[in-house]
Amino acid sequence: MGIEVAVFDTSLSEPIFEQIACDLKHQGYSIQPNAVDPVLAQSLWREVSALSDDWFHRAGIGRANDYQLNRFNRTDSVCWIEGSSDPCREWLQYTESLRRFLNRSLFLGLFSYESHYARYLPGQYYKRHLDAFQGQANRLVSTVLYLNPGWLPDDGGELVIYESEIDQTGVRVTPSFGTLVSFLSEEFPHEVLPAKRTRFSIAGWYRLNQSSTERVDPPL
Ligand code: OGA
Ligand code: MN
């Protein structure tokens, strides 16, 4: 007799987590192809690609924090992930394991994680921006998981990560299925170039705990 418990096997992800931690430490960003179990990536893709327009709202509208940052420089739509489906719950388990791993290996003190599906229709973009401003916001590490089977270089939609404020060249990332990008939110300006096809991703942020007497984190 035993109790059946569905446990997400994090040990399989350890080598990838190790690599992400090492890259974050030495270059501040990490690009990992095939970072998540392909079965999970498939189920996330199936879910996001089947969501009707009603599930998405224009990015930068609706959340006080995002309003000023994003209202005018992006045209994509997003759907926040709350863990109300099996794929989303598994995604949150994966990101929770990564959070613990990064805290253990880099002593980052990451406290929580928030994420949303993002949908860029052909021609949509997100201009050069930072996900957090030094000393003001509490987003410390950004992540983006791409959910685009069969993406070709010609489809566009690259993420461009700039090494500094003055870097105009950047590093281009093809939004290929299963690739996970992580970077320090306050240090890397980045942008999403327009694509020729609909482009799906999950963007997320690890945050520090900034609880104070006036404000309790995380805000909803
Ligand atoms: C973001 C973002 C990058 C991407 O949502 O803040 O920068 O490649 N996304 O989707
Ligand atoms: Mn961003």
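You'll find the structure just up there.
Residues numbered from 1 in each chain as written. Chains lettered and ligands numbered in written order. Predicted model: local features only at pLDDT ≥ 70, side-chain atom pairs only at ≥ 80, totals over all residues. Heavy atoms only, no water.

1. Considering the side chain of R119
Working step 1: Mapped onto the elements of the fold, R119 is located in strand β4 (residues 112–120).
Working step 2: Here the side chain of R119 touches D53 through a polar contact of 2.8 Å, side chain to side chain. (Helix = DSSP H or I, 4+ residues; strand = E, 2+ residues; numbered from the N terminus. Polar contact = N/O pair within 3.5 Å; in protein donor to acceptor, adjacent residues only side chain to side chain.)

2. Notes on the site of ligand 1
Working step 1: Near ligand 1 you find 14 residues, and of these H129, D131, Y146, H190 and R199 are the closest.
Working step 2: In the model, an oxygen atom of ligand 1 is placed 3.2 Å from a nitrogen or oxygen of the D131 side chain.
Working step 3: Between ligand 1 and H190, the relevant distance is 2.9 Å, taken from an oxygen atom to a side-chain nitrogen or oxygen of the residue.
Working step 4: Alone, ligand 1 offers 290 Å² of accessible surface; in the complex the protein occludes 99% of this.
Working step 5: Going through the elements one at a time, β5 (126–129), β6 (139–146), β10 (190–192) and β11 (199–207) are the ones with two or more residues in the shell around ligand 1.
Working step 6: The dominant element in the shell around ligand 1, judged by the number of residues it contributes, is β11, at four residues. (Near = heavy atom within 4 Å. Areas by Shrake-Rupley, 256 points an atom, 1.4 Å probe, with all protein chains shown as cover.)

3. Description of the coordination of the manganese ion (ligand 2)
Working step 1: Looking at the manganese ion (ligand 2), one finds its protein donor set to be H129 (NE2), D131 (OD) and H190 (NE2), positioned 2.1 to 2.2 Å from the metal centre.
Working step 2: In terms of primary sequence, the donors binding the manganese ion (ligand 2) are separated according to H-x1-D-x58-H. With D131 in the loop between β5 and β6 and H190 in strand β10, the pair connects residues that are 59 residues apart, well separated along the chain. (Donors = N, O, S within 2.8 Å, 3.2 Å for Na, K, Ca; no water.)

4. Considering the pairing of β11
Working step 1: A large share of β11 lies buried, amounting to nine of its nine residues.
Working step 2: For β4 and β11, the ladder comprises nine bridges, and the chain directions are antiparallel. The partner of Y117 across the bridge, within β11, is I202.
Working step 3: Bridge count between β6 and β11: seven bridges; the pairing is antiparallel. Across the sheet, residue V144 finds its bridge partner in β11, namely A203. (Buried < 20%, exposed > 50% of the residue type's maximum accessible area, 1.4 Å probe, protein only. Pairing = 2+ DSSP bridges.)

5. What about the sheet that holds strand β8 (residues 171–173)?
Working step 1: With antiparallel pairing, four strands are arranged side by side in an open sheet as β5-β10-β7-β8. Every interior strand has two partners, whereas the edge strands, β5 and β8, have only one. Direction aside, neighbouring strands of the sheet carry axes that sit 15° apart on average. (Axes fitted to C-alpha atoms, helices over the stretch in contact; angles between N-to-C directions.)

6. Focus: the packing of helix α2 (residues 38–50) against helix α4 (residues 86–106)
Working step 1: Relative orientation of the contacting elements α2 and α4 amounts to 130°, with a least axis distance of 9 Å. Relative to α4, the element α2 lies oblique. The interaxial crossing formed by α2 with α4 has left-handed handedness. In this structure, α2 uses L40, S43, L44 and E47 to contact α4, whose residues at the interface are P87, C88, E90 and W91.
Working step 2: In terms of residue class, the contact of α2 with α4 is made up of five nonpolar, one polar and two charged. (Parallel < 35°, antiparallel > 145°, perpendicular 65-115°, else oblique. Left-handed = near helix turned anticlockwise from the far one by under 90°. Contact = heavy atoms within 4.5 Å. Nonpolar A, V, L, I, M, F, W, Y, C, P; charged D, E, K, R; others polar.)

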